[in-house]
Amino acid sequence: MAEGWENLSDPIFHYAASRADAVALVDGNETLTYGALAPLVASASVYLCDLGMSPGDRIGLALTNSADHVILLLAVLRVGATPVELSVEDTPEALAATANKYGVRTIFTEAHAPPPPGIARVRVDLGWRGMIAAKAGDHRAAASADALEIISLTAGSTGLPSGVIWTQRQYMQRIALRLAILYPQPQADFHPADLLLTVSMRHGWFFVCVLMQVSAGGRLVLLPELSKAADLIRIIAASEPALVCVTANMCRAFLGAAPDQGLLFPQLY
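First, a word on scope: everything that follows refers to the structure included in this document. Quick caveat: nothing in here was measured; it's all calculated off a predicted structure.

Analysis parameters
Residues numbered from 1 in each chain as written. Predicted model: local features only at pLDDT ≥ 70, side-chain atom pairs only at ≥ 80, totals over all residues. Heavy atoms only, no water. Pairing = 2+ DSSP bridges. Helix = DSSP H or I, 4+ residues; strand = E, 2+ residues; numbered from the N terminus. Axes fitted to C-alpha atoms, helices over the stretch in contact; angles between N-to-C directions. Contact = heavy atoms within 4.5 Å. 1 Å grid on protein atoms, 1.4 Å probe; cavity = no way out; pocket = protein on both sides within 12 Å on 5 of 7 lines; lining within 4 Å. Points joined across faces, edges and corners; volume = space filled by probe spheres on them. Nonpolar A, V, L, I, M, F, W, Y, C, P; charged D, E, K, R; others polar. Parallel < 35°, antiparallel > 145°, perpendicular 65-115°, else oblique. Left-handed = near helix turned anticlockwise from the far one by under 90°. Expected span 1.5 Å × (residues − 1). Buried < 20%, exposed > 50% of the residue type's maximum accessible area, 1.4 Å probe, protein only. Core = buried A, V, L, I, M, F, W, Y, C linked by side-chain atoms within 4.5 Å. Salt bridge = Lys/Arg side-chain N within 4 Å of Asp/Glu carboxyl O.

Quick notes on the sheet that holds strand β2 (residues 30–33)
Here is step 1: In space, the five strands of this open sheet follow the order β2-β1-β10-β9-β11, with mixed pairing throughout. The sheet terminates laterally at β2 and β11 (242–245), the two strands that pair on one side only. The sheet shows a mean angle of 20 degrees between the axes of neighbouring strands, direction not considered.
Here is step 2: Inspection of the sheet shows strand β1 (residues 23–27) paired to strand β10 (residues 220–222) by three bridges, in the parallel sense. Bridging across to β10, Val 26 finds its partner in Val 221.
Here is step 3: Most of the contacts of helix α7 (residues 204–215) go to strand β9 (residues 194–197), to which it runs at about 150 degrees, and overall it touches β9, β10 and β11.

Okay, structure coming up:
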């Protein structure tokens, strides 16, 4: 992370100013450059403040991987609120239980999702992007990265998810460490490889990878949720040189599909 950044959304605005035409997000047929992403994040930060959200508020995100999800996440970070990534697969009752456990005051959900009982819910629908685009200005929190928080939850396979509270500064340090491992000797004109996101940001390691990619000014490619390993293998094999986020089960599927000679994905890092 560059010296002087005090918010995990700051890199977006840095790259919007320094190389606005660089691609930040690819979501199906939609491509957003850093120059296009930064104004959307700024507008979304105003939108959040208009909803009454302020630094320290805990905001749940029960959303599938999408450009809107990334925009909203960055806006939550920008206003100094605390994002809590929640599972879209949870029942409304399970979402409400997790929200109550961690003091989440509002949950953003997909438009079709039923509301969690007793918790304020905001639907992210087809008109959401147009609504935030109408907001002028930028509401970046003045607090330092040491005072701003993120809550990362476990899968909750044995009950309600357990949570870990991080500061934005600690996330910046995690990101810097991962970038140093991936790119130990970056050149002056360094640009990271594309990152193909195959898993929900609900999973902590993949959440870090998303923030790592935009912090480095790279391209984040949001892959659709696929039920067949063969479809995912085909998409990855057709991609440019890239980093890919995968789970252990995905790795097992890849090993099962690997050829006897050569590499299944020669273009992957």
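From this point, the narrative continues.
Structural notes on the layout of surface pockets
Here is step 1: Size it by volume and the largest pocket reaches roughly 630 Å³.
Here is step 2: Lining the largest pocket are 26 residues; nearest its centre among them are Glu 89, Thr 198, Val 199, Ser 200 and His 203.
Here is step 3: Those elements that place two or more of their residues in the lining of the largest pocket are α8 (229–237) and α9 (248–257).
Here is step 4: The residue inventory of the lining of the largest pocket, partitioned by class, reads twelve nonpolar, nine polar and five charged.

A look at the packing of helix α1 (residues 10–18) against helix α2 (residues 34–50)
Here is step 1: In the contact formed by α1 and α2, the axes pass within 8 Å of each other and the chain directions differ by 135 degrees. By the angle between their axes, α1 is oblique relative to α2. Considering only the axes of α1 and α2, their crossing is left-handed. On α2, the residues touching Ile 12, Phe 13, Tyr 15 and Ala 16 of α1 are Tyr 34, Gly 35, Leu 37, Ala 38, Val 41 and Ala 42.

Let's talk about α7
Spacing of three or four residues puts side chains on the same side of an α-helix, whose turn is 3.6 residues.
Here is step 1: With twelve residues, α7 extends 17 Å from end C-alpha to end C-alpha; this agrees with the ideal 16 Å at 1.5 Å per step.
Here is step 2: Counted residue by residue, α7 has ten buried out of twelve residues, so it is predominantly covered.
Here is step 3: Turning to α7, its buried residues number three or more, namely Phe 206, Phe 207, Val 208, Cys 209, Val 210, Leu 211, Met 212, Gln 213, Val 214 and Ser 215.

Here's the deal with empty space enclosed by the protein
Here is step 1: According to the stated counting rule, one finds one cavity of 30 Å³ or more in the structure shown.
Here is step 2: Size it by volume and the largest cavity reaches roughly 60 Å³.
Here is step 3: Looking at the lining of the largest cavity, the elements with two or more residues in it are β7 (149–153) and α7.
Here is step 4: For the lining of the largest cavity, the leading source of residues is β7, giving four residues.
Here is step 5: Each residue belonging to the lining of the largest cavity can be placed in one class, and the counts come to six nonpolar, two polar and two charged.

Remarks on the nonpolar core
Here is step 1: Residues Leu 37, Leu 48, Leu 72, Phe 108 and Leu 211 are the most contacted members of the largest nonpolar core, which totals 74 residues.
Here is step 2: The leading source of residues in this core is helix α3 (residues 67–78), at nine residues.
Here is step 3: Setting aside residues up to four positions removed in sequence, Leu 72 forms contacts with Leu 48, Leu 61, Leu 63, Phe 108, Val 124 and Trp 128.
Here is step 4: Core analysis: the second largest hydrophobic core is formed by twelve residues, Val 84, Ala 96, Ile 119 and Leu 153 among them.

Quick word on the pattern of salt bridges
Here is step 1: Enumeration over the complete set of coordinates arrives at eleven salt bridges.
Here is step 2: Of the charged contacts, one joins Arg 129 and Glu 30 as a salt bridge, the two residues approaching to 2.7 Å between their closest N and O atoms. Remark: Glu 30 occurs in strand β2 and Arg 129 occurs in helix α5 (residues 128–133); sequence separation between them is 99 residues.
Here is step 3: Of the residues examined, Glu 30 reaches a relative accessible area of 26% and is grouped as partly exposed.
Here is step 4: The shortest N-O distance in the salt bridge between Arg 169 and Asp 146 comes to 3.1 Å.

Considerations on the environment of Ser 152
Here is step 1: Inspection of the secondary structure puts Ser 152 in strand β7.
Here is step 2: For the pair Ser 152 and Gly 163, spaced eleven residues apart in sequence, the C-alpha to C-alpha distance is 5.5 Å.
Here is step 3: Apart from residues lying up to four places away in sequence, Ser 152 is in contact with Ser 162, Gly 163, Val 164, Trp 166, Tyr 171 and Gly 204.

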